[in-house]
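# Close look at the chain arrangement
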Amino acid sequence: MLNIVFTAHTYYPNKDGVQMVTQYMAEGLAKLGHNVTVIAPLKKELKKEEIYNNVQIKRFVVKTKLKHSYGQKKEFQEYLVQHSKQIDVLITVCSNTAFAAWTYPIIKLLHCKKIMYQHGMYDGHLHLEKIHSFKRLIKQLILTPYWEIFHKMHWKQIETYNACVHLFENDSSYKYFRKHGFEKNVVIMNSCELELFQTKTQEDLKMVGDLEIHEPYFLYVANYCTGKNQLLALEEFYQLEETNVALVFVGSKDNAYVQELKERKKKLDRENRCNRKVYFFIGIPRRETVALIRECYACLMTSNNEYLPITIIEAMACDKPFISTNVGVVAKLPGGVIANDKEDIQYWLKYFLNHEDVVNNLGNIAGEYVRQNMFIDDKIKQLETLINEI
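Attention in this report is confined to the structure presented alongside it. (Residues numbered from 1 in each chain as written. Predicted model: local features only at pLDDT ≥ 70, side-chain atom pairs only at ≥ 80, totals over all residues. Heavy atoms only, no water.)

With that settled, the discussion passes to the overall build of the protein. Summing up its helical and strand segments, the protein has 13 helices and 16 strands in all. For the protein, the C-alpha radius of gyration of 22 Å lies close to 21 Å, the compact-globule estimate for 390 residues. Per-residue burial over the protein gives 53% buried out of 390 residues. Relative to all contacts within the protein whose residues are 6 or more apart in sequence, the contacts with residues 24 or more apart total 70%. (Helix = DSSP H or I, 4+ residues; strand = E, 2+ residues; numbered from the N terminus. Rg over C-alpha atoms; globule rule 2.2 N^0.38 Å. Buried < 20%, exposed > 50% of the residue type's maximum accessible area, 1.4 Å probe, protein only. Contact = heavy atoms within 4.5 Å.)

Further remarks concern the environment of N53. Along the chain, the position of N53 falls in the loop between β3 (49-52) and β4 (55-60). The partly exposed category is assigned to N53, whose relative accessible area is 42%. A polar contact is formed between the side chain of N53 and the side chain of E27, at a distance of 3.1 Å. (Polar contact = N/O pair within 3.5 Å; in protein donor to acceptor, adjacent residues only side chain to side chain.)

Another aspect to go through is the side chain of E236. With respect to the helices and strands, E236 occurs in helix α7 (residues 230-237). An unpaired buried charge is present at E236: no salt bridge exists, and K342, the closest side chain of opposite charge, is 5.2 Å distant. Setting aside residues no more than four positions away along its own chain, E236 makes contact with K342, I345, Q346 and L349. (Lys, Arg positive; Asp, Glu negative; His and termini not counted. Salt bridge = Lys/Arg side-chain N within 4 Å of Asp/Glu carboxyl O.)

Overall, the coordinates contain 20 salt bridges when judged by the stated rule. Here E235 makes a salt bridge to R264, at a shortest N to O gap of 3.0 Å. A residue pair is termed long-range when its members are at least 10 positions apart, and E235 in helix α7 and R264 in helix α8 (residues 256-272) qualify at 29 residues. By relative accessible area, which is 23% here, E235 ends up partly exposed. Residue R264 is classed as partly exposed on the basis of its relative accessible area, which comes to 23%. In this structure, E242 and K350 form a salt bridge, with 3.1 Å as the shortest nitrogen-oxygen distance. Here K350 lies in helix α11 (residues 342-354) and E242 lies in the loop between α7 and β12 (246-251), a separation of 108 residues in the sequence.

Across the sheet, which stays open at both edges, the six strands sit in the order β13-β12-β11-β14-β15-β16 with parallel pairing between neighbours. Both edges of this open sheet fall to β13 (277-282) and β16 (336-339), since each of them pairs with a single strand only. For this sheet the average axis-to-axis angle between neighbouring strands, irrespective of direction, equals 20 degrees. Most of the contacts of α7 go to β12, to which it runs at about 170 degrees, and overall it touches β11 (217-221), β12, β13, β14 (298-301) and β15 (322-325). α11 contacts β11, β14, β15 and β16 of the sheet and is inclined by roughly 155 degrees relative to β16. (Pairing = 2+ DSSP bridges. Axes fitted to C-alpha atoms, helices over the stretch in contact; angles between N-to-C directions.)

In this structure, F6, F218, L292, L333 and L383 are the most contacted members of the largest nonpolar core, which totals 107 residues. At eight residues, the largest contribution of residues to this core is made by helix α1 (residues 17-31). Setting aside residues no more than four positions away along its own chain, F218 makes contact with V245, A246, L247, V248, Y297, A298, L300, I323, L349, F352 and L353. Core analysis: the next-biggest nonpolar cluster, separate from the first, contains 29 residues, V5, F99, C112 and W147 among them. (Core = buried A, V, L, I, M, F, W, Y, C linked by side-chain atoms within 4.5 Å.)

This next bit is on the sheet that holds strand β8 (residues 113-117). Taken together, eight strands build an open sheet; the order of strands is β3-β4-β2-β1-β7-β8-β9-β10 and the sheet is mixed. Strands at the two margins of the open sheet, each flanked by one partner only, are β3 and β10 (185-187). The sheet shows a mean angle of 25 degrees between the axes of neighbouring strands, taken without regard to direction. Where β3 meets β4, four bridges bridge the pair, whose relative direction is antiparallel. Bridging across to β4, I51 finds its partner in Q56.

What follows is the structure, given as structure tokens:
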């Protein structure tokens, strides 16, 4: 039994990809008998300490302004140093977070095993082929050199880590760490909840029917925000001539962006003199989201920036193909197609609707790949094996 500490910039009750991976890893290690603590940011509505699913959660105030992080830095550092003799393993989730930056100055005082757990990174290259808007270009021009300087400043501390976990072989972080001489690079691909690997049932069909969806639908599960770019999916959906099809969005929270999407739908209906079937679900029970994934025609993702997105993996686990923008390592996954621009999105939406046999074949390929490479228990065991090896 080991005392394992994660530091993560997002964790329960947040809902996002990094949170989900950190949470199933932390809870999985706890189920294997380890004492697991997750250090996460403290927000107004959250407790400073709590136990959730056998994982101890400790929270510290973190605030960020112009990429500079401040808050309970001293308290966080004191906690790690004071408990350094009891900590067997420190897992830093992402090298560019506030907790990572606060850990680097005290790294020599932490005499435990240390693992960096990356979810991609800015690797010093602009990747112009993946930039599809002026706003995105400006962001890349600013952040790419910024994070390059950040990692150069802290590389000596990062090199003291015993290993680094990457999501995919030859992804952005894997290439960067290998290029800069980091020796122990290990790939642990993302997974998803075990429930997604199970066969769909009549209950799933009933749940979707209860949500009043009665036509084939493309599904996009993601937090509502400009970065996920649901607006692009909505606008390209309206380019379809086919009308017996729906578009379903699922997100965790209502916000101004959701209202923007709804207003845009109304405008598109007026412009096209129609009332297309578009559903906006907010904060629905997880079981209903699972049913929607299992019953969808295909997964659609139009995000501006991802690495190995959970929403794609969840669809693949349910034998569903995907249409995705060219982000992260999605292009390296089998069982789907990549859209490099909005015309590609239009093309593949129409193609999928008119070639059900291709959709089924791609879905089977996706499901087989996930079952062979992304089974959740295997990923947890892989991390435990790495901990024991280093």
